[in-house]
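Letter by letter, the chains look like this.
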Amino acid sequence: MLKKIGAVTLIGLLTLTGCGSQTGGTNNQGGSSAGVKEVKIGALLPLSGAVAPIGETCKRGQELATEEINAAGGIKSLGGAKLVLDFADSKGDPKVGMSEAERLIMKDKVAVMTGAYQSSVTYPSTQVSEKYKIPYVVPVSVMDDITERGFKYTFRLAPKASWYSRDQVKFAKEMGEQTGSVPKRVALVYENSDWGQSSAKGWNKSVPEAGMEIVLDAPYPSSSSDLTPVILKIKQANPDLILFTSYTSDAILLTNGIAEQKINAMGMIGQGGGHADPEYLKNVGKNAEYGFDLTEWSPDLGKPGVKETNAKFKQKYGVDMNGEAAESYAAMYVIADALERAGSAEPEKIREALAKTKITSGPGMILPYDSIEFDQSGQNIHASLIMVQVNNGQRSTVWPFNAKNPDYKVVWPAPKWTDRK
Amino acid sequence: MQTLIAATLNGLFMGSLYGLIAVGLSLVFGVMKIINFAHGALVMVGMYAVFYMWSLIGLDPYLSLVVVVPVLFLFGYFLQGKVINPVLKREFGRNGHAVILLTVGLTLVLQNAALLFFGAYYKAAKTFVSGMTWDMGGVVTSVPRLIAGVVGAIVILGLQLMLSKTDLGKAIRATGQDREAAGLMGINDYKIYNIAFGLCLAILGIAAALMLPMYYVQPEAGKIFEMRSFVIAVLGGIGSLSGAFYGGLIVGLIESVTAQVWSATAAEMLIFVVFIGVLLYKPSGLLGK
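Residues numbered from 1 in each chain as written. Chains lettered and ligands numbered in written order. Predicted model: local features only at pLDDT ≥ 70, side-chain atom pairs only at ≥ 80, totals over all residues. Heavy atoms only, no water.

Caption draft 1: Quick peek at the overall build of chain B. Of the regular secondary structure elements, chain B holds eleven helices and two strands. Over its C-alpha atoms chain B spans a radius of gyration of 19 Å, differing by no more than 12% from the 19 Å that the globule rule assigns to 289 residues. Its C-alpha atoms give chain B principal-axis dimensions of about 60 × 50 × 35 Å. Out of the 289 residues in chain B, the part that is buried amounts to 54%. (Helix = DSSP H or I, 4+ residues; strand = E, 2+ residues; numbered from the N terminus. Rg over C-alpha atoms; globule rule 2.2 N^0.38 Å. Buried < 20%, exposed > 50% of the residue type's maximum accessible area, 1.4 Å probe, protein only.)

Structure follows, in structure tokens:
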């Protein structure tokens with residue numbers, strides 16, 4: 001019985017693909033601009049399972065942007081066509097993600113895809129859309145490989161994972177240039193599993209390139225009962241700059257130990273993980289002051305529209321926007337911009353328009369990037385991260401300089417421990 | 001040089017604390033021949049007890065010992081009497097696997113109960129010694145670690161005196177050496193078991209109070225210390241209290257000094273290399289019989 005159903009579906013699918021090739025894509029929401037009333041956008045997200053809360057956050061970002069775009073008159077070059085989000089639940093599972101992507105493309109005939117939050121789902125589902133030549137805009141997933149497979153239909157807004165180590169160093173270098181306190185000696189302190197080790201690989205390239213010297217390379221097991229040995233090692237190396245890749249408990253132990261041993265560095269820079277965990281600030285208290293953390297987005301970002309958009313979001317959903325919501329929101333504007341320039345809902349035309357994207361202002365630009373522009377591989381070359389500094393228990397955006405919180409002045413170098421109250 | 005001295009001191013202090021935790025494990029094994037897999041979870045229970053005395057009543061962790069130690073002793077006494085002994089009795093004369101499984105089950109119960117009632121959050125007590133340091137000509141030592149090291153050594157010494165000099169101590173040792181012969185001499189062996197387990201919990205209570213000013217508590221906080229305890233107790237000779245103390249010092253020193261001359265990852269490896277080396281050379285451990 002089951003086999004029979006399978007066979008029938010298969011025949012059905014074959015007929016559908018057959019139709020598609022015969023009529024040259026006109027069944028995809030119509031090839032001519034005149035008859036288009038709405039453009040269907042497939043949104044693949046983990047809407048159930050362990051990561052469902054983050055999937056929901058992405059969905060909210062997409063919905064808010066879509067409402068705004070439609071309220072502003074839709075896609076004007078398509079006679080005011082409205083955007084329609086077609087949600088599919090990946091359950092956070094790559095296999096489900098692939099079959100759902102297939103369903104969105106084949107059955108629902110979406111013109112563009114977006115999603116899928118987790119790199120592990122984005123990676124195979126972009127492969128599906130590549131096969132069917134449907135453009136896929138990736139707002140969040142950071143795994144490097146996603147845009148390194150020579151795909152033509154995958155476009156990523158977010159920075160790559162390896163850019164985290166790059167931007168930590170870039171920030172320190174620019175702070176040195178700006179203030180005259182130039183860091184030279186760098187200590188690398190990282191947990192010794194694959195996350196930390198891939199960071200270290202990045203640092204080993206970016207630190208020497210920035211003209212700094214690595215004076216300490218200190219991997220450690222994140223489940224250590226005592227990190228004093230690592231802290232003493234940092235003390236002996238006497239670095240100007242300490243770069244971390246840490247989980248929560250080790251970030252707590254390291255920060256407290258560095259305060260105890262009064263290790264004075266110009267800057268101590270984390271990259272999310274433990275340093276971004278609210279538990280971290282709660283547990284280390286004052287010892288976290290003047291520390292930096294690299295992150296995707298922050299509601300205090302000094303860019304036009306951020307405050308207003310965040311207020312709208314908060315009014316609608318009761319919480320502040322976060323990085324995932326902001327990136328998903330911006331991705332809808334990237335899609336709308338491409339549709340506008342394409343003047344068509346045909347996937348091929350949309351792809352061509354996406355490849356020529358150059359957005360520097362407008363409602364979608366609530367991200368810290370200067371502009372959105374994709375290279376040959378589909379990667380947004382201007383994607384960047386932001387740096388926040390902890391002061392009085394608050395995280396304030398300090399970098400990139402043109403997106404900083406205008407009400408906050410960065411403290412660099414950090415005051416000596418003995419000078420702190 | 002200064003860092004090396006500081007690292008050595010830190011290794012000795014932490015080692016003494018590790019030794020104190022391992023002593024509880026060694027005592028339970030020495031008397032009852034039970035390998036207690038709930039040891040780490042019981043460390044966590046002690047830490048939560050100390051933490052809540054501090055956060056709810058405002059009692060300093062060191063002062064809270066006055067309350068926490070007797071309470072934990074009673075908790076251990078009844079845990080042994082009501083939960084472990086019945087299984088031990090039924091298992092009498094057999095291999096005793098059920099008791100090991102029981103302690104594993106106990107771990108899961110305690111950890112998940114902590115998760116349920118206290119949440120997965122990291123909780124730390126900020127006391128007057130937290131973050132306090134002592135600077136001796138450039139050798140900076142953390143005061144809570146110094147206190148932990150010194151008090152740990154004193155407690156182990158006191159326990160050893162108690163076991164060798166008092167009647168109760170002699171009864172405990174007799175039960176550990178030959179349970180049936182001790183029974184024939186009029187010693188109530190199950191009651192001794194209760195007391196030994198109670199003592200183990202009391203020791204863990206002290207260790208918890210020493211740790212809290214410099215550490216955090218979380219449902220899995222005891223796990224790392226449990227792993228260390230097993231290595232130390234076996235390294236020093238399981239059942240031997242001074243063996244556990246020296247084992248603790250060795251592990252603490254390796255951990256702290258190796259990280260200076262090599263790396264923290266290497267330290268983790270070296271501890272187990274030494275462990276395997278000692279077992280190959282002397283299977284009963286350094287001071288084991």
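Caption draft 2: Here's a closer look at the overall build of chain A. The helix and strand inventory of chain A stands at twelve helices and twelve strands. Taken over the C-alpha trace, chain A has a radius of gyration of 24 Å; the compact-globule value for 421 residues is 22 Å, and the two agree within 12%. Its C-alpha atoms put chain A at 75 × 50 × 40 Å along the principal axes. Expressed as a percentage of its 421 residues, the buried residues of chain A come to 57%.

Caption draft 3: Inspection of the pattern of salt bridges at higher detail. Applying the stated criterion across every chain, the model contains 17 salt bridges over all chains. A salt bridge links D189 of chain B to R179 of chain B, with the shortest nitrogen-to-oxygen separation between them at 3.0 Å. One end of the pair, D189 of chain B, is in helix α8 (residues 189-211); the other, R179 of chain B, is in helix α7 (residues 179-184), and ten residues separate them in sequence. Given a relative accessible area of 16%, D189 of chain B falls into the buried group. Look at the salt bridges and you will find they share partners, linking E100, R103 and D108 of chain A into a network. (Salt bridge = Lys/Arg side-chain N within 4 Å of Asp/Glu carboxyl O.)

Caption draft 4: Structural detail: the domain arrangement of chain A. On domain assignment, one finds that chain A holds domain 1 (32-159 + 304-355) and domain 2 (163-295 + 385-419). The C-alpha centroid of domain 2 of chain A is placed 34 Å from the C-alpha centroid of domain 1 of chain A. (Domains from an automatic or database assignment.)

Caption draft 5: Main features of the environment of Y193 of chain B. All names here are of chain B. Note that Y193 resides in helix α8. For the pair Y193 and A264, spaced 71 residues apart in sequence, the C-alpha separation works out to 39 Å. Among all residues touching Y193, those that are not within four sequence positions of it are V31, M32, Q80, N85, L88, T175 and R179. (Contact = heavy atoms within 4.5 Å.)

Caption draft 6: Looking closely at the nonpolar core. In terms of nonpolar packing, the biggest core is built from 110 residues, with V230, I242 and I258 of chain A together with M47 of chain B touching the most fellow members. Broken down by element, the residue count for this core peaks at 17 residues, all from α8 of chain B. If we skip the residues at most four places from it in the chain, I258 of chain A touches I231, I234, I242, F244, I263, M268 and W417 of chain A. Counting residues in each nonpolar core, the second largest holds 52 residues, with V36, M332, A353 and I359 of chain A among its members. (Core = buried A, V, L, I, M, F, W, Y, C linked by side-chain atoms within 4.5 Å.)

Caption draft 7: View of the interface of chain A and chain B. The partner chain B presents 33 residues to the 24 residues of chain A that form the contact. Counting each side, the surface lost to burial between chain A and chain B is near 2,400 Å², with a carbon and sulfur contribution of 51%. The salt bridge involving D226 of chain A is made with R145 of chain B; its shortest N-O contact spans 2.7 Å. Seen at the junction of chain A and chain B, the total is 14 residue pairs in polar contact (both at pLDDT 80 or more). Put simply, the parts of the chain that give the side of chain A that touches chain B at least two residues each are β7 (213-220), α7 (228-237), α8 (248-260) and α9 (278-284) of chain A. Considering only residue class, the side of chain A that touches chain B consists of eight nonpolar, ten polar and six charged. (Buried area = accessible area lost by both parts, 1.4 Å probe. Polar contact = N/O pair within 3.5 Å; in protein donor to acceptor, adjacent residues only side chain to side chain. Nonpolar A, V, L, I, M, F, W, Y, C, P; charged D, E, K, R; others polar.)

Caption draft 8: Just the side chain of K160 of chain A, in detail. Residues and elements named next belong to chain A. With respect to the helices, strands and loops of the structure, K160 is situated in the loop between β5 (154-156) and α5 (163-179). A relative accessible area of 11% places K160 in the buried class. A distance of 2.8 Å separates polar atoms of two side chains, one belonging to K160 and the other to E148. With sequence-adjacent residues up to four places away left out, K160 is seen in contact with V142, D144, T147, E148 and Q379.

Caption draft 9: Layout of unusual backbone geometry. All names here are of chain A. Here the residue pair G115 and A116 is connected by a cis peptide bond, since its omega of -5° sits within 30 degrees of zero. Residue placement: A116 occurs in the loop between β3 (112-115) and α4 (119-131). The peptide bond linking W412 to P413 adopts the cis configuration, its omega dihedral lying at -5°. You can see P413 is positioned in the segment after β12 (394-399). Here the phi dihedral of K133 falls at roughly 60°; this positive angle occurs in a residue that is not glycine. Turning to its location among the elements, K133 is positioned in the loop between α4 and β4 (136-138). The backbone of Y290 sits at a positive phi, close to 70°, despite the residue not being glycine.

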